[in-house]
Structure formats: C-alpha cells, structure tokens
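Working through the structure, step by step
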Amino acid sequence: MGMLGAGAVVAGVPVAALLFLLAMRWAPVAPTLFAIGMTVLAAMLFALRWSRDVQVLSGTIRRVGADESASQPGQPVLPGMQRLAGDLERLARRSAARSALIEQLRRADGTVVERLPDPLIVLAADRSVGRANSAARAAFGADMPAVLRHPELRAAIDRAFASETTETADMTLPVPVPREVHAAVVPMDPPIADGGRAVVVLSDRTRERAVERMRADFVANVSHELRTPLASLIGFIDTLRGPAADDPPAQQRFLAIMGEQAARMNRLIDDLLSLSRIELVEHQPPSGSVDLGELATRLIAGFEPRLRERSVQLDVRIQGDLPAVVGDADQLVQVLQNLLDNAVKYGREGGTVRFEIAAAAGRAGAVITVTDQGAGIPREHLPRLTERFYRVDTSRSRAAGGTGLGLAIVKHIVNRHRGQLSIESEEGVGTTVRVWLPQTVAQRPVASDIPA
Ligand SMILES: Nc1ncnc2c1ncn2[C@@H]1O[C@H](COP(=O)(O)OP(=O)(O)OP(=O)(O)O)[C@@H](O)[C@H]1O
Ligand SMILES: [Mg+2]
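Our subject in this report is the structure included herewith. None of these values were measured; they are calculated from a predicted model. (Residues numbered from 1 in each chain as written. Chains lettered and ligands numbered in written order. Predicted model: local features only at pLDDT ≥ 70, side-chain atom pairs only at ≥ 80, totals over all residues. Heavy atoms only, no water.)

The packing of two helices is summarised by the inter-axis angle and the distance between the axes. In contact at an axis separation of 9 Å, helix α7 (residues 206-241) and helix α8 (residues 248-281) are set at 160° when each is read in the N-to-C sense. Taken together, the axes of α7 and α8 are roughly antiparallel relative to one another. Of the two elements, α7 crosses α8, and the hand of that crossing is left-handed. When α7 is examined against α8, the residues F218, V222, E225, L226, P229, L230, S232, L233, F236, I237, T239 and L240 are found in contact with a partner set consisting of Q251, F254, L255, I257, M258, Q261, R264, M265, L268 and L272. (Axes fitted to C-alpha atoms, helices over the stretch in contact; angles between N-to-C directions. Helix = DSSP H or I, 4+ residues; strand = E, 2+ residues; numbered from the N terminus. Parallel < 35°, antiparallel > 145°, perpendicular 65-115°, else oblique. Left-handed = near helix turned anticlockwise from the far one by under 90°. Contact = heavy atoms within 4.5 Å.)

If you want it as structure tokens, here you go:
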C-alpha cells in the first residue's frame, strides 16, 4: 500500500467526522478546516514514517532470502516495528549460519570422495558418471572407459539401482596389461551432496591374484620336486626287497642311487627353509658390515674340487681397497656360492669363469660380477630366472643336482640388502650376473676425534 493510501486510511475517519460536523453546521467553519488540515498533516507524517519503516523491514527480508548477512542501513522508528526488525535480524543471522553449514557439508562430501585412497566413481541418478576421484584417475585414468563399459560392472550397477543394496563385480581388463579389478557398487540414499546416487569402489586385485596363483604353483612345484626322488626311492626299496634281494653288487649300486636321491630331497628342504628364513627378515636390512674380498677368498678355496671336476679355470679379480658393504656374511656367502656354482655348472666345460669384485662406478658400494662362457640363456627366460623352481633346461639342472631355488635365494638376499641383481646373457657366448651391494655408511667422526 502506497504512502497516500496509508495516509488516507489514518486520516479518513476523523476527516469524515469533521466534514460531517461542518456540514451540519455544528462546528464553526474556520477551526474545523484547521482541524482537518492538521489531521491530514499528521496522517501524512505517520504514513511517511510507516512506509520508510516498511521499506527497511522488507529490505531486511529480501537480504535474508538472498542469504546475505543482514546488517541493514537505518532502523525502523515506529513502536513494534523495532522489535520486528530485531527478530528479523536474528532470523537472518541464523539462516546465514545454516546455509554456511550446508555449503561446508556439501564441500566436505566432495572432499571425502576426492581424497579417499580407494578409487571411487560417483554415478548420477541416470547412471552416468558424475566424477572419478583422484585415486581412480591415477589408477584407471585411460582404462576408465573400459572399466565403465564392462558388462559385469554394468550388470552390478543395474542390480544395485534396482535393489538399493551393495552389489559387487569382478572383471578382467584385457588391455594394455591384464588387470583384475573388483568393484563394489554402493547405492546412496539419500544421495550425496553433488547428487550422486551411487558410488563405485574399485580395487585392483591383480597383485593379490598373482600371489594366490604363485602360492598354488609353489605348493604344486614343491610336491612335484619331492615326489620325483621319493618315487625313485620307493621303487628301489621294492627292487631291493624283491628282484635284487640276493644280488649284493646290485644292492650296492641301488643304495648309492638312493643315497643321492635322499641327499637331493635334503638339499631341497634346506633350500626351501633357507628361502623362507630370508623372506621372514627381508623387510629389515642387515646391520653388519662385510669385507667382500676376504669373504670371497675363503669361499673360492672351497671351490677347488668343483672346478677341477669340470676343468674350469677361475679368473679371480678382487680390487684391493674395496669399500665395506652392508651385509649379513652368511647370506652373502650364499649369494657368491650360488653364482659361482651356476657359472661352473652351466659354463663351458674346460672354459674360464671370471669372478670379479670391484668398487661400483658412480655409486657407493661394490659390484660382484660372475661371467661364464656357457651356452647362455635365451632372452625370453631371463625375466623368470629368479622365480622358484624356474629352470631353463629342467632335465639338465636336475641331472646336475640343482633344485631351481638358487637364483630365487640370491634375489631375496640381494633385496634384503637393498642391492641390485642383473643377469645378462648371450646365447653361445655366455652369461654375466652382476650384484651391486650398497656401501656401509661410514660412522661420522666425533668432534673430539678430529685433530685440532
Ligand atoms: N650361468 C648360467 N648359464 C646358463 N644358465 C643358467 C646360469 N645360471 C642359471 N641358469 C639357468 O637358470 C636356472 C635357475 O638357476 P638356479 O640357480 O635358480 O637353479 P639351479 O642352478 O637349477 O639349482 P640350484 O641353484 O638350486 O642348484 C638354471 O636351472 C639354469 O637353467
Ligand atoms: Mg643354481
């Protein structure tokens, strides 16, 4: 209602009464006109004030609606209006605080999704992808479309939307490298702040599955490795009881073979135990310090008979002032022994094996290099040599009494020492195995040790 209207409402009744008095000639003309003038003036003044106060209040209400803070220009003057203004002011403050909180919660939702370490994808109500969090972008970046298109996942999403319960899917992504991915589709009711109606939690199970397969393979391999000598022992026992019962020379021959088979099983078990002991402590690096030169010299002396057996020349080159390396002496002996053993076993009969230890070039530590002139190892086998029981030529390794665990043991020991193992080989030329071991960190001299 405009100002004039308000004035008319206020002044209307008294002015009508005064005009009535005037018309009936009950009141004198001049004072009555004066009274009418005054009444209209008072009404206009009141209407002016009233409309200003109403304007102030409606300004405040507008700001509350627009979520602005309600510090307003001017204060209403009319009684009652002031209280109303105070109430509005408080309402405005509460409303502002509440919308700030809502905004904060909304952003918190987004931050939680973005920062969670698991790869997450938020799906909108129409099942389109709302967004993928940083873990998902990092883990599946380019593979994301393949993940989302996967029929298993699509089916799980459909089921989850239909049943409003969490549904899971296992998928295999074939390219670029095969990956096994587990997905859980979690419907969100009520929806999360940005409207997401479901969250897909992805986890890459490739490694887990590989470990499971390796464990199964390992058990199968161990059983197989033990079964061969065991079967031969059982066979010979039967022969000794039956056909060879009265043939002492044959008995001697068979017993010798049985002894070998038993020794082989013994070696296998020793190697397996040794491997599991190393694995147990693989996460904690050794604390000792080892002089590789001295260690190697002692070991080589013990190798003489093996070298003679295969007429192998050993060309030893140990650098004089080798840095001490971080190490467990017993385990490093196992490394050297395995590498030398392989070089002699798979090297050329009558050939030369070079055994070299020198300070590493460019990094603190020592490098052990063992080179043979054997048949070498075809390229495709190189990456798998350090797997347990992996052999290039199974029958040859078995015939030589090998268990196929030597390089696996070497790899785990080198890992524990935080070193590096590399194998290079050229068919027909020979094989070179290198082990780098980090240098012992020198104790800092204490201040009093430094001469003045
Ligand atoms: N210097 C080498 N030249 C050619 N082939 C090698 C050489 N070293 C290792 N290999 C191949 O790698 C396989 C694995 O070696 P590893 O030392 O682990 O087992 P192994 O020698 O057969 O048995 P073990 O070491 O337990 O006696 C061997 O069977 C052999 O085929
Ligand atoms: Mg070996």
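Below, the discussion takes up helix α6 (residues 151-163). The terminal C-alpha atoms of α6 lie 18 Å apart, and with 13 residues this matches the ideal 18 Å at 1.5 Å per residue to within 8%. Every buried residue of α6 is listed here: L153, A156, I157, A160 and F161. The buried side chains of α6 occupy one side of the element, clustering within an arc of 130° when seen end-on. What points out from α6, more than 90 degrees from its buried face, is the exposed set P151 and A162. Turning to α6, the residues buried within the fold contact β1 (120-123), α5 (144-149), β3 (167-173), β4 (179-187) and β5 (198-204). Two residues or fewer after α6 comes E164, characterised by a positive phi angle close to 60°. (Expected span 1.5 Å × (residues − 1). Buried < 20%, exposed > 50% of the residue type's maximum accessible area, 1.4 Å probe, protein only. Arc of directions from axis to C-beta.)

Near ligand 1 you find 20 residues, and of these Y346, D372, S397, T403 and L407 are the closest. K345 places a side-chain nitrogen or oxygen 3.0 Å from an oxygen atom of ligand 1. Contact between ligand 1 and Y346: an oxygen atom at 2.8 Å from a side-chain N or O atom of the residue. With 4 residues, the top contributor of residues to the shell around ligand 1 is helix α10 (residues 329-346). Split by residue class, the shell around ligand 1 holds 7 nonpolar, 8 polar and 5 charged. (Near = heavy atom within 4 Å. Polar contact = N/O pair within 3.5 Å; in protein donor to acceptor, adjacent residues only side chain to side chain. Nonpolar A, V, L, I, M, F, W, Y, C, P; charged D, E, K, R; others polar.)

For sheets, the rule is that strands pair by backbone hydrogen bonds, running either parallel or antiparallel. On the basis of which strands lie adjacent, the open sheet formed by 5 strands has the order β7-β9-β10-β12-β11 and mixed pairing. The outermost strands of the open sheet, each flanked by one partner alone, are β7 (313-318) and β11 (420-426). Here the average twist between neighbouring strands, direction ignored, is 10°. Two elements, strand β9 (residues 352-359) and strand β10 (residues 365-371), share 6 bridges in a ladder whose sense is antiparallel. When the bridges of β10 are listed, F355 appears paired with V370. (Pairing = 2+ DSSP bridges.)

So, about the pattern of salt bridges. Evaluated as defined, the whole model comprises 25 salt bridges. The shortest N-O distance in the salt bridge between R179 and D143 comes to 2.9 Å. Highlighted residues: R179 in strand β4 and D143 in the loop between α4 (134-140) and α5, separated in sequence by 36 residues. The class of R179 is buried, set by a relative accessible area of 13%. One salt bridge in this structure joins K345 and D341, with 3.3 Å as the shortest N-O distance. Note that K345 and D341 are positioned in helix α10 at a spacing of 4 residues, about one turn of the helix. For the pair K345 and D341, one class covers both residues: buried. Shared partners join several salt bridges into a network, and the residues in it are E180, R209, E212 and R213. (Salt bridge = Lys/Arg side-chain N within 4 Å of Asp/Glu carboxyl O.)

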